[in-house]
Amino acid sequence: QVQLVESGGGSVQAGGSLRLSCAASGRTGSGYPMGWFRQAPGKEREFVASIRWSGGTTLYANSVKGRFTISRDNAKNTVYLQMNSLKPEDTAVYYCAASVSWSATLRPSYWGQGTQVTVSS
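Residues numbered from 1 in each chain as written. Predicted model: local features only at pLDDT ≥ 70, side-chain atom pairs only at ≥ 80, totals over all residues. Heavy atoms only, no water.

## Brief notes about the overall build of the protein chain
In step 1: Counting its secondary structure elements, the protein chain contains 0 helices and 11 strands.
In step 2: In the protein chain, the succession of α and β elements from N to C terminus is β-β-β-β-β-β-β-β-β-β-β.
In step 3: Taken against the 2.2 N^0.38 rule, which gives 14 Å for 121 residues, the C-alpha radius of gyration of the protein chain at 13 Å falls within 12% of a compact globule.
In step 4: With the principal axes as the frame, the protein chain shows a C-alpha extent of 40 × 25 × 25 Å. (Helix = DSSP H or I, 4+ residues; strand = E, 2+ residues; numbered from the N terminus. Rg over C-alpha atoms; globule rule 2.2 N^0.38 Å.)

## Section: the packing of aromatic side chains
In step 1: Per the counting criterion, the structure on display carries 3 aromatic pairs.
In step 2: Geometrically, the ring pair formed by F37 and F47 is edge-to-face, given 5.6 Å between the ring centres and 75 degrees between the ring planes. Of this pair, F37 sits in strand β4 (residues 34-39) while F47 sits in strand β5 (residues 46-51); the two residues are 10 residues apart in sequence, bridging distant segments of the chain. For the pair shown, F37 and F47 are each scored as buried.
In step 3: Taken together, the aromatic side chains of F37, F47, Y95 and W111 make up a single cluster linked through ring pairs.
In step 4: Against the face of Y95 rests R45, its NZ or CZ located 3.8 Å from the ring centre. (Phe/Tyr/Trp six-rings, centres within 6.5 Å; stacked < 30°, edge-to-face > 60°. Buried < 20%, exposed > 50% of the residue type's maximum accessible area, 1.4 Å probe, protein only. Lys NZ or Arg CZ within 6 Å of the ring centre and 35° of its normal.)

## Section: the sheet that holds strand β7 (residues 68-72)
In step 1: Across the sheet, 4 strands lie side by side as β1-β3-β8-β7; this open sheet has antiparallel pairing. Two strands close off the open sheet at either side, each with one partner strand: β1 (2-7) and β7. The sheet shows a mean angle of 15 degrees between the axes of neighbouring strands, direction not considered. (Pairing = 2+ DSSP bridges. Axes fitted to C-alpha atoms, helices over the stretch in contact; angles between N-to-C directions.)

## Description of unusual backbone geometry
In step 1: Phi is positive for S85, close to 50 degrees, though the residue is something other than glycine.
In step 2: Of the residues examined, S85 reaches a relative accessible area of 41% and is grouped as partly exposed.

## Here we look at the pattern of salt bridges
In step 1: Under the criterion given, the structure shown has 3 salt bridges.
In step 2: The closest approach of N and O atoms between D90 and R38, which form a salt bridge, is 2.9 Å. In this pair, D90 is assigned in the loop between β8 (78-83) and β9 (92-98) and R38 in strand β4, connecting sequence segments 52 residues apart.
In step 3: Across the pair R67 and D90 runs a salt bridge, and its minimum N-O distance is 2.8 Å. Remark: D90 occurs in the loop between β8 and β9 and R67 occurs in the loop between β6 (58-60) and β7; sequence separation between them is 23 residues.
In step 4: Among the ionic contacts, a cluster of salt bridges with common partners joins R38, E46, R67 and D90. (Salt bridge = Lys/Arg side-chain N within 4 Å of Asp/Glu carboxyl O.)

Below is the structure:
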């Protein structure tokens, strides 16, 4: 059982920044990559970024490359999403996720409840 709790969402003006956090508890470790997905109103949920629990390898969606950075803390139980140069099209509910292997990083097995990010123009 893996529990994921997001925080850090809110409202920001275009061009601003936000940092999302995801605290993981339960059975997580090097075999459980972490990532972020988002879902805008009327749209399907889409992949944003992911990171190996160990090793530091990352993946990003083309839409956020160069603007977003995923990272983890030294305790290996919290992941972050630093979002810079935010655009109105980044407005969505952002979900933290965990997968059982790196090869399954785009198909997570565990999800957080989501946190709203709103970017105004």
